[in-house]
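# Examination of the molecular architecture
Listed below are the residues making up each chain.
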Amino acid sequence: MKQLWRIEPAGPDAVLIRFGEQIHTDLVPMIRAATRQLQQALQDDIRELVPSYTTLMLCYNPRKNDFPTIQNKIQQQLASMDICESETGTLIEIPVWYHPDVGPDLQRVADYHQISIDDVIHRHTAPLYHVFAIGFAPGFAYMGNVSSQLATPRLTTPRTQVAAGSVAIAEQQTAVYPISSPGGWNILGRTAMKMFDRQNPRLCPVRPGDSVKFIAVSKDDFLLAGGQLE
């Protein structure tokens, strides 16, 4: 296939495979396919694969390969890469209770766009989001793209504590805080779905390349599913 990537050194034991310069959903299946291909073909050579918005970082064993060698192996594998429909990943629905009691920035976002809270909820639940990367904290999935009619800057002063399950936006990204942690994103609501579970073999219910749909639910449904108010 036509070469659509660039391989760059990223330290003594890592390379960065760059598929583009700008975030675009078209890159999602390509990066997912590359991750799968390299994991299967080079499992004895690599230590870790870290997909992101426009890149795939590959960490390798420098005792087995130097940069030119691993670069050549990657080139050979990506040249025969097959990007199929399955690379669009799995559709995951995340139920969210949108309310000021658990979404303290709902009114702020509404005021910023001069719309109602109901409009904020509608604009957040309307799109299908793509999971671009997992990072910041275990299970913290960076998703996009948030509509330009809802995109809102981060808080000027981050909170020292954000509850696990908090659903938030920052610019054109959206995410769910998997654990209680500091954070500066605009919190719109909360989900009872665990985004990081040590008892689950997958640890996180979503992976890069998956699609996510947020579904508005009532407080009763949120609590019935195990949602926590504190």
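Residues numbered from 1 in each chain as written. Predicted model: local features only at pLDDT ≥ 70, side-chain atom pairs only at ≥ 80, totals over all residues. Heavy atoms only, no water.

## Looking at helix α3 (residues 106–113)
Formally: Only protein chains enter the calculation, and the probe is 1.4 Å; a residue is then buried if its accessible area is under 20% of its type maximum, exposed if over 50%, and partly exposed in between. Secondary structure follows DSSP: runs of H or I at least 4 residues long count as helices, runs of E at least 2 residues long count as strands, and numbering of each begins at the N terminus. Each direction from the helix axis to a C-beta atom contributes to the arc, which is the arc of those directions. Throughout, a residue-residue contact means that at least one pair of heavy atoms, one from each residue, lies within 4.5 Å.
Of the residues making up α3, those classed as buried are L106, V109, A110 and H113. Viewed along the axis of α3, the buried residues span an arc of 100 degrees, placing them on a single side of the element. Structurally, α3 contributes buried residues whose contacts are with β5 (91–98), α4 (117–125), β9 (166–170) and β12 (186–190). Once α3 ends, the next one or two residues include Q114, with phi positive near 55 degrees.

## Examining the packing of α3 against α4
For clarity, the cut-off: In this analysis an axis means a line fitted to C-alpha atoms, helices contributing only their contacting stretch, and an angle means the value between N-to-C directions, from 0 to 180 degrees. In what follows, roughly perpendicular refers to angles from 65 to 115 degrees, roughly parallel to angles under 35, roughly antiparallel to angles over 145, and oblique to any angle outside these ranges. The classification used treats Ala, Val, Leu, Ile, Met, Phe, Trp, Tyr, Cys and Pro as nonpolar, Asp, Glu, Lys and Arg as charged, and all other residues, Gly among them, as polar.
Axis separation between α3 and α4 bottoms out at 8 Å; the angle between their running directions is 95 degrees. One element, α3, and the other, α4, form an angle in the roughly perpendicular class. Along its contact with α3, which presents L106, Q107, V109, A110 and H113, the element α4 presents I117, V120, I121 and R123. Each residue belonging to the contact of α3 with α4 can be placed in one class, and the counts come to six nonpolar, two polar and one charged.

## Topic: α4
Among all positions in α4, only V120, I121, H124 and T125 are buried. Along the long axis of α4, the arc covered by the buried residues comes to 120 degrees, so they all point the same way. Among the exposed residues of α4, those oriented more than 90 degrees off its buried face are D118 and H122.

## Description of the packing of helix α1 (residues 27–41) against helix α2 (residues 67–79)
Just so we agree on the cut-off: Crossings are sorted by hand: turned counterclockwise from the far helix by less than a right angle, the near helix makes the crossing left-handed, and turned clockwise it makes it right-handed.
For the pair α1 and α2, interaxial distance at closest approach is 10 Å and the crossing angle is 120 degrees. Judged by the inter-axis angle, α1 sits oblique to α2. Where α1 crosses over α2, the handedness of that crossing is right-handed. Along the contact surface, α1 presents A34, Q37, L38 and A41, while α2 presents I74, Q77 and L78. Here the contact of α1 with α2 is built from residues that sort into five nonpolar, two polar and no charged.

## A closer look at the sheet that holds strand β4 (residues 55–60)
Definition in use: For two strands to be treated as a pair, DSSP must find no fewer than two bridges joining them.
Reading across from one edge, β1-β2-β4-β3 is the order of the four strands in this open sheet, with antiparallel pairing throughout. Pairing within the sheet leaves two strands with one partner each, and these edge strands are β1 (6–9) and β3 (46–51). The mean inter-strand angle of the sheet, taken between neighbouring strand axes irrespective of direction, is 20 degrees. In terms of strand pairing, β1 meets strand β2 (residues 14–18) through four bridges, oriented antiparallel. Looking at β2, one finds that E8 is bridged to L16. Sheet strands in contact with α1 are β2, β3 and β4, and its direction is about 170 degrees off that of β3. Its contacts with the sheet place α2 against β1, β2 and β4, and it is angled at close to 160 degrees to β1.

## Thoughts on the pairing of β5
Pairing geometry for β5 and strand β13 (residues 211–216), over six bridges, is parallel. Residue pairing in the sheet places I92 in a bridge with V212 of β13. As defined by bridge partners, β5 adjoins β12 across two bridges and the pair is classed as antiparallel. Considered in β12, the bridge of W97 is made with R190.

## Side note on the state of the cysteines
Applied cut-off: Cysteine sulfur atoms are paired as a disulfide whenever they fall within 2.5 Å.
Taken as a whole and assessed by the stated rule, the structure comprises zero disulfides. Note on C59: no disulfide assigned, nearest cysteine sulfur contributed by C204 at a separation of 20 Å. The class for C59 is buried, based on a relative accessible area of 16%. Relative accessible area serves as the criterion here: at 8%, C204 is assigned to the buried category.

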